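Inside the fold
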Amino acid sequence: MIPLTPLAAEQRSQDVTDWAARIGWVVGLLLVIALVYWLMREGWKWRGTLQGDLPELPEPPAEPGPATLTLTGRYHGSTTAGQWLDRIVAHGLGTRSRVELTLTEAGVSVVRPGAQDFFIPAASLRGARLDKGIAGKVLAEGGLLIVTWQLGDRQIDSGFRSDHAAEHAAWVEALDATEDVKNAEHNQEGAR
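Right, let's walk through the structure included here. Everything quoted here is computed from the prediction, not taken from an experiment.

Let us look at the overall build of the chain. When you go through the chain residue by residue, the secondary structure sums to 4 helices and 10 strands. Walking the chain from its N terminus toward its C terminus, one meets helices and strands in the order α-α-β-β-β-β-β-β-β-β-β-β-α-α. Put simply, the chain has 192 residues, and 32% of those count as buried. For the chain, the share of sequence-separated contacts (at least 6 apart) that also reach a separation of at least 24 residues comes to 59%.

In structure tokens:
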């Protein structure tokens, strides 16, 4: 028969968790996460300061006229024209939101619940196209409606996605057909 006394003497209880070390690691991790978010926020504010030379966004006219087209969907942001990663954050243009677009003879009214609304006068429109991405948002080819317009001396691309993607083509056709876009293209060709 095997004596049981030596077996019982060799058994040990499991190590107890060192709660002080575990809490220290959790607090350290939370501080690192907070620091990263604070740096991102400061970078966003710094970018807005650098873009402070942009003029104020145009106000919609009192009587814009009858709606030619309407669209509901999402506003994904604005960038410097032709540079799809150079996000513009000044005047709230970097804030994503729901959107209601209305095209009239006066221009494009951009109504954004929870964010600053703005208006793109017809004289400022430079065209529209379908694309796959804009700063921070990439979709399938043709998934975004990009409206190019002039604000001060800077051309801006603003990205929209309709709740019904089939509407995008009609918007591109209507925006490219406006007289002001044709005149702006003609003026650019004459300047070359």
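Further remarks concern the environment of Asp117. Mapped onto the fold, Asp117 is located in the loop between β4 (107-111) and β5 (118-121). Along the backbone, Asp117 and Pro58 are 59 residues apart, and their C-alpha atoms lie at a distance of 9.6 Å. Once residues within four sequence positions are removed from consideration, Asp117 is found in contact with Val110, Val111 and Arg112.

Summarising the element assignment, Thr79 is placed in strand β1 (residues 69-80). Setting aside its immediate chain neighbours within four residues, Thr79 contacts Trp84, Asp86, Arg87, Ile88, Ile134, Ala135, Gln155, Ile156 and Asp157.

Before going further, it helps to examine the pairing of strand β10 (residues 154-162). By the criterion of burial, β10 is predominantly enclosed, with 7 of the 9 residues buried. Pairing of strand β9 (residues 144-151) with β10 involves 7 bridges; the strand directions are antiparallel. Across the sheet, Trp149 pairs through a bridge with Ile156, a residue of β10. Counted between consecutive antiparallel strands, the loop separating β9 from β10 contains 2 residues, among which Gly152 sits at a positive phi close to 65°.

With that out of the way, let us pick up the side chain of Arg87. Mapped onto the elements, Arg87 comes out in strand β2 (residues 87-88). Here Arg87 sits buried without a salt bridge, and the closest side chain of opposite charge, Asp86, lies 8.7 Å off (N-O distance). Looking at Arg87, its side chain comes within polar contact range of the main-chain oxygen of Ala135, at 2.7 Å. Not counting chain neighbours up to four residues away, the residues in contact with Arg87 comprise Trp44, Arg47, Gln51, His76, Ser78, Thr79, Gly94, Arg96, Ala135 and Gly136.

A surface patch of nonpolar side chains, amounting to about 790 Å² of accessible area, comprises Val26, Leu29, Leu30, Val32, Ile33, Val36, Tyr37 and Met40. If you trace the backbone, Tyr37 turns up in helix α2 (residues 19-50). Residue classification places Tyr37 among the exposed residues on the basis of a relative accessible area of 57%.

Our next topic: the environment of Arg126. On the secondary structure map, Arg126 appears in strand β6 (residues 125-131). For the pair Arg126 and Asp176, spaced 50 residues apart in sequence, the C-alpha separation works out to 7.9 Å.

A word on the pairing of β4. Here strand β3 (residues 97-103) runs beside β4; their pairing, made up of 4 bridges, is antiparallel. By the bridge assignment, Glu100 is partnered in β4 with Val111. Between β3 and β4, which pair antiparallel and follow one another directly, the connecting turn spans 3 residues. Looking at chain direction, β4 and β5 are connected through 4 bridges and run antiparallel. Bridged to Gly107 within β5 is Pro121. Hairpin connection, β4 to β5: the antiparallel pair is bridged by 6 residues, and Gly114 has positive phi, about 85°.

The rules we used
In this convention, every chain numbers its residues from 1, walking through the sequence in written order. The predicted nature of this model means local features are confined to residues of pLDDT at least 70 and side-chain atom pairs, given and counted, to a pLDDT of 80 or more, with totals for whole chains, interfaces and linings taken over all residues. Values reported for side chains reflect all heavy atoms of the structure, with hydrogen atoms and water molecules removed beforehand. Secondary structure elements are defined from DSSP: runs of H or I of at least 4 residues count as helices, runs of E of at least 2 residues count as strands, and each element is numbered from the N terminus. Here's how the labels work: a residue is buried when its accessible area is under 20% of the maximum for its type, exposed when over 50%, partly exposed in between, all with a 1.4 Å probe on protein chains only. Any two residues having at least one pair of non-hydrogen atoms within 4.5 Å are treated as being in contact. Strand pairing requires that DSSP identify at least two bridges connecting the strands. Lys and Arg are tallied as positive, Asp and Glu as negative. Neither His nor the chain termini are counted. A pair is scored as a salt bridge if a Lys or Arg side-chain nitrogen falls within 4 Å of a carboxyl oxygen belonging to Asp or Glu. Polar contact is the term for a pair of N or O atoms within 3.5 Å; when the atoms are in protein, one must be able to donate a hydrogen and the other to accept it, and sequence-neighboring residues count only if both atoms are side-chain atoms. Exposure above 30% relative accessible area and the absence of a salt bridge qualify a residue for a patch, where like charges join within 9 Å and nonpolar side chains (Val, Leu, Ile, Met, Phe, Trp, Tyr) within 5 Å. Shrake-Rupley sampling with a 1.4 Å probe provides the accessible areas, and residues are treated as covered by the protein chains on show and by no other component.

By themselves, these figures tell us nothing about what the structure is for.
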